[in-house]
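Working through the structure, step by step
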Amino acid sequence: MRFPRKRFPTARSWARFRANRKARKAVLGAGATLALIAANGPAATGFAERAWHEYTINQESYKIRYGHWDVVDVPSRFRINAIHAALLHTGKVLLIAGSGNDEKNFRAGTFQSVLWDPARNTFREIDTPKDMFCSGHAQLPDGRLLVAGGTARYEKLTGDVKRAGGAMLVKNENPDAPRTFPAGTVFVGSTGKRYRTLLPVLVPRAKKNVVERTDRAPKKVTVTAAQARVYVEAVTDGERGITQTADQYRVQGLRGRDAQDLYGLAAKLGLDKKDFQGLKDAYEFDPVAERYVKVDPMSEARWYPTLVTLKDGRVLAVSGLDDMGEIIPGKNEIYDPRTHKWSPGPNRYFPTYPALFLTAGGRLFYSGSNAGYGPAHAGRTPGLWNVDTNAFVPVPGLEEQDMTETSASVLLPPAQDRKVMIMGGGGVGESHESTGRTAIADLRAPAPHYVPGPDLPQGTRYLNAVLTPDDRVFTSGGSSDYRGKRGSDILRAQFYDPRTRAFETAAAPAVGRDYHAEALLLPDGRIAVFGSNPLFADKDDTRMGVFEKRIEVYTPPYLYRAHRPAPPTGPLRAAHGATLVLPGTDAGEVATARLMRPSAVTHATDVEQRSVALPLANRGGAVAVTIPQDPSLVPGGWYMLFLTDRAGTPSRAAWVYVR
């Protein structure tokens, strides 16, 4: 007699058994609760609905269709106000808080960064030398992360300003030597009012122009004073420190010729609102040594800047609030990772955190998305910008162009299609308005213009948008009002499919996300979401909001299928135009290959992420892929290489260094 072969339960079948047992208990519990509804009213109904919802979202059939969310277990000491998130080529995620939008931390000099390893769910605190809150960042060709700018002063609203202050021009009429004044230098006006600098200031030497003697005219020497701006604040509190008229200020402690050559000029110095001030500091984060390395500072202080990678690997820093708290009027600059130095860039004005995407020929496309600061009618027109010539060609057709603030923009997959999509957004400043409008610009067209896309389910600001390996865009969170006011956080997620030009519903997150929230793709195909900074904690806007420190991870439906393609082995290295053979892969099961640049995201702005389609070939049964030649399509650096099968199921990623 033959007995049937005994089948031992696998880890997966045990997990499924436990999940089903838990689900049965949930159903029984829900059924028991429903029996008590008549006696206990709405409270019992709410409990039953929650139990039924919990049961539903944990069903295998539900996960296969909609995916699933999980909250990460983060030890309390590593729970920070994540303002910025960047995926590194080590597979770890750098979360940057700086002072975390908490002025108490700023005054105490408490600046934080945490490195999270999602594969092992381990955390490490990173020494953070400056307040990188609201800085800009970009991936460098060698895998380091450039972080530039940050916070030098917190915003002060009218009524909260205790000391009058403002911008002062410090003049130097000495052509022989520059002069540095330390923080705390006192300037005294003609009326005796005194103001001190809050930051050091370097004033260049004056410019001397010599016209040599001729038969008709004697030798002539002219000196043009050099100048530098610095923020000053009254030494005394209150209205006694206000100056309403322009004045010249002597530098306290200077004597003789120095007192004549060096002086300050300022107009009104008052108690009006003071905006955030930016930093000039710049750092590279080394993913291997896991530390920040200081590099040369920018020439302009920047708060809320965008850093975008150019086709040659250099990085352009654009916009931001300066060291006076004023929006920079167009002074952009370029970082060279080979020399670790900055140089002047093309002069063009944008609102803060403009969404700029590298496209064909090295031009940048400004989608119109931005975040927070700048006049309503300046610098908001979408267009293609030639950084070399500074020519700007507007791209028309965007509906509700006055509703692009706090919108999301992505370079749709695959990047070769050169289509950019803008989604949602709201009115300028603290507007209650939001829009569900989406639009797509085809940059391959002879005369690119926006055409309407499908609407979001509702008007949404602060939408997170993440490219996935199956050529879709995952969007989640946001709020319908400014910073989640009136309980307007949106517990909804969806996929956009560029092939069908439609949204598909995904599982809903459990955690609301609005201002200061980020999301990015992980190497295993999941999506991690961080942060959120609502103004209020209730629908009546009576209780102050608390920064959301939980990390939530979304597992898409494609990870609940029975089979995944074999992952490529890595790390790998390849030049532009080279072909890579991927041992251990099966060419028969692979339908597509995607090279995906890791994210560096903040304030709904992620101009790094892109998904590049790679041509496939069969080399002895293994998959071979070819890296495109064009560096404006594939800027040098580290990428995730995903292989997908005909069902759209992705492999785990291998890291590829493109040089």
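The structure contained in this document is the topic of the report that follows. These figures come from a predicted structure and were not determined experimentally.

1. Considerations on the overall build of the chain
Along its length, the chain carries 6 helices and 49 strands. The C-alpha radius of gyration of the chain comes to 28 Å, within 12% of the 26 Å expected for a compact globule of 659 residues. Dimensions along the principal axes, computed over C-alpha positions, put the chain at roughly 125 × 70 × 45 Å. Across the 659 residues of the chain, 55% fall into the buried class. Across the chain, the fraction of contacts at a sequence separation of at least 24, relative to all contacts at a separation of at least 6, is 62%. With the model as given, the accessible surface of the chain reaches about 29100 Å², and the carbon-plus-sulfur share is 51%. Side-chain charges of the chain comprise 87 positive and 68 negative groups, with the mean position of each set lying 4 Å from the other.

2. Some details on the sheet that holds strand S29 (residues 392–394)
Ordered by their spatial adjacency, 4 strands build an open sheet running S26-S27-S28-S29, and the pairing between neighbours is antiparallel. Bordering the open sheet on either side are strand S26 (356–358) and S29, each of which pairs with just one other strand. This sheet shows a mean twist of 25° between the axes of neighbouring strands, independent of strand direction.

3. Some details on the nonpolar core
Counting residues in each nonpolar core, the largest one holds 57 residues, and the members touching the most others are Val93, Trp116, Met423, Phe530 and Ile551. Considering every element that reaches this core, the biggest residue donor is strand S39 (residues 527–531), with 4 residues. Contacts of Trp116, omitting those with residues within four sequence positions, involve Val72, Lys92, Val93, Asn121, Thr122, Phe123, Leu522, Ala528, Phe530, Ile551 and Val553. Core analysis: the second largest hydrophobic core is formed by 47 residues, Leu364, Ala441, Ala587 and Val607 among them.

4. Section: the packing of aromatic side chains
Enumeration according to the criterion identifies 32 aromatic pairs in this entry. What links up through ring pairs into an aromatic cluster is the set Phe106, Phe133, Tyr154, Phe276, Trp303, Tyr304, Tyr353 and Tyr373. Note that Arg472 overlies the ring of Phe495, its terminal NZ or CZ placed 3.9 Å from the centroid.

5. Quick notes on the pattern of salt bridges
Inspection of the entire model under this criterion finds 34 salt bridges. For Lys331, the salt bridge is made with Glu300, and the minimal N-O distance between the two is 3.8 Å. Of the two residues, Lys331 sits in the loop between strand S23 (315–318) and strand S24 (333–336) while Glu300 sits in the loop between strand S21 (291–295) and strand S22 (306–309), which places them 31 residues apart along the sequence. We classify Glu300 as buried; its relative accessible area is 18%. Arg380 is paired through a salt bridge with Glu405; the nearest N and O atoms lie 3.3 Å apart. Residue Arg380 is located in the loop between strand S27 (364–366) and strand S28 (383–385), and its partner Glu405 is located in the loop between S29 and strand S30 (408–411); the two are separated by 25 residues in the primary sequence. Across this residue pair, the class does not change: Arg380 and Glu405 are buried. Three or more residues joined by partner-sharing salt bridges are found here, namely Asp142, Arg144, Glu284 and Asp286.

6. Some points on the sheet that holds strand S49 (residues 654–658)
Taken together, 5 strands build an open sheet; the order of strands is S41-S49-S48-S43-S45 and the sheet is mixed. Edge positions in the open sheet fall to strand S41 (572–574) and strand S45 (611–613), since each of these has one partner strand only. Strand-to-strand twist across the sheet, computed as the mean angle between neighbouring axes with direction ignored, equals 35°. When S41 meets S49, the two strands line up parallel, connected through 3 bridges.

7. Remarks on a negative patch on the surface
A cluster of acidic residues, Glu399, Glu400, Asp402, Glu433 and Asp455, forms a negative patch on the protein surface. Locating Glu400 in the fold gives a position in the loop between S29 and S30.

8. Digging into a nonpolar patch on the surface
Among the surface-exposed residues, Val210, Val221 and Val223 lie close enough to one another that they form a single nonpolar patch of about 220 Å² accessible area. Structurally, Val210 can be placed in strand S14 (residues 207–211).

9. Here we look at the environment of Asp131
Within the fold, Asp131 resides in the loop between strand S5 (122–127) and strand S6 (136–139). Sequence separation between Asp131 and Ser99 is 32 residues; the distance between their C-alpha atoms is 5.8 Å. Among all residues touching Asp131, those that are not within four sequence positions of it are Gly98, Ser99, Phe106, Phe111, Gly149, Gly150, Thr151, Tyr154 and Leu279. At 3.2 Å, the side chain of Asp131 and the backbone nitrogen of Phe133 are in polar contact.

10. Considering the pairing of strand S3 (residues 93–98)
S3 sits mainly inside the fold: 6 of its 6 residues count as buried. Inspection of the sheet shows strand S2 (residues 84–87) paired to S3 by 4 bridges, in the antiparallel sense. Counterpart to Ala86 in the pairing with S3 is Leu94. In textbook terms, the turn of a hairpin is the stretch between consecutive antiparallel strands, and for S2 and S3 this stretch comprises 5 residues, one of which, Gly91, has a positive phi near 90°. Bridge count between S3 and strand S4 (residues 112–117): 5 bridges; the pairing is antiparallel. Its bridge partner being in S4, Val93 is matched across the sheet by Trp116.

11. Overview of unusual backbone geometry
What you tend to see is this: most non-glycine residues have negative phi, and most peptide bonds are trans. In this chain, Pro413 is followed by Pro414 through a cis amide linkage whose omega measures -15°. Within the element layout of this structure, Pro414 appears in the loop between S30 and strand S31 (419–423). Notably, Glu400 is not glycine yet its phi reads approximately 55°, a positive angle. Even without being glycine, Thr406 reaches a positive phi, approximately 60°. Note that Thr406 resides in the loop between S29 and S30. In this structure Thr406 comes out as buried when scored by relative accessible area, which is 9%.

12. Notes on the environment of Trp116
Along the polypeptide, Trp116 turns up in strand S4. Distance from Trp116 to Lys92, taken between C-alpha atoms, is 5.6 Å for residues 24 residues apart in sequence. Of note is the side chain of Trp116, whose polar atom sits 3.0 Å from the side chain of Asn121.

Criteria and thresholds
- Residues numbered from 1 in each chain as written.
- Predicted model: local features only at pLDDT ≥ 70, side-chain atom pairs only at ≥ 80, totals over all residues.
- Heavy atoms only, no water.
- Helix = DSSP H or I, 4+ residues; strand = E, 2+ residues; numbered from the N terminus.
- Rg over C-alpha atoms; globule rule 2.2 N^0.38 Å.
- Buried < 20%, exposed > 50% of the residue type's maximum accessible area, 1.4 Å probe, protein only.
- Contact = heavy atoms within 4.5 Å.
- Areas by Shrake-Rupley, 256 points an atom, 1.4 Å probe, with all protein chains shown as cover.
- Lys, Arg positive; Asp, Glu negative; His and termini not counted.
- Charge placed at Lys NZ, Arg CZ, Asp CG, Glu CD.
- Pairing = 2+ DSSP bridges.
- Axes fitted to C-alpha atoms, helices over the stretch in contact; angles between N-to-C directions.
- Core = buried A, V, L, I, M, F, W, Y, C linked by side-chain atoms within 4.5 Å.
- Phe/Tyr/Trp six-rings, centres within 6.5 Å; stacked < 30°, edge-to-face > 60°.
- Lys NZ or Arg CZ within 6 Å of the ring centre and 35° of its normal.
- Salt bridge = Lys/Arg side-chain N within 4 Å of Asp/Glu carboxyl O.
- Patch = residues over 30% accessible without salt bridge, like charges linked within 9 Å, V, L, I, M, F, W, Y side chains within 5 Å.
- Polar contact = N/O pair within 3.5 Å; in protein donor to acceptor, adjacent residues only side chain to side chain.

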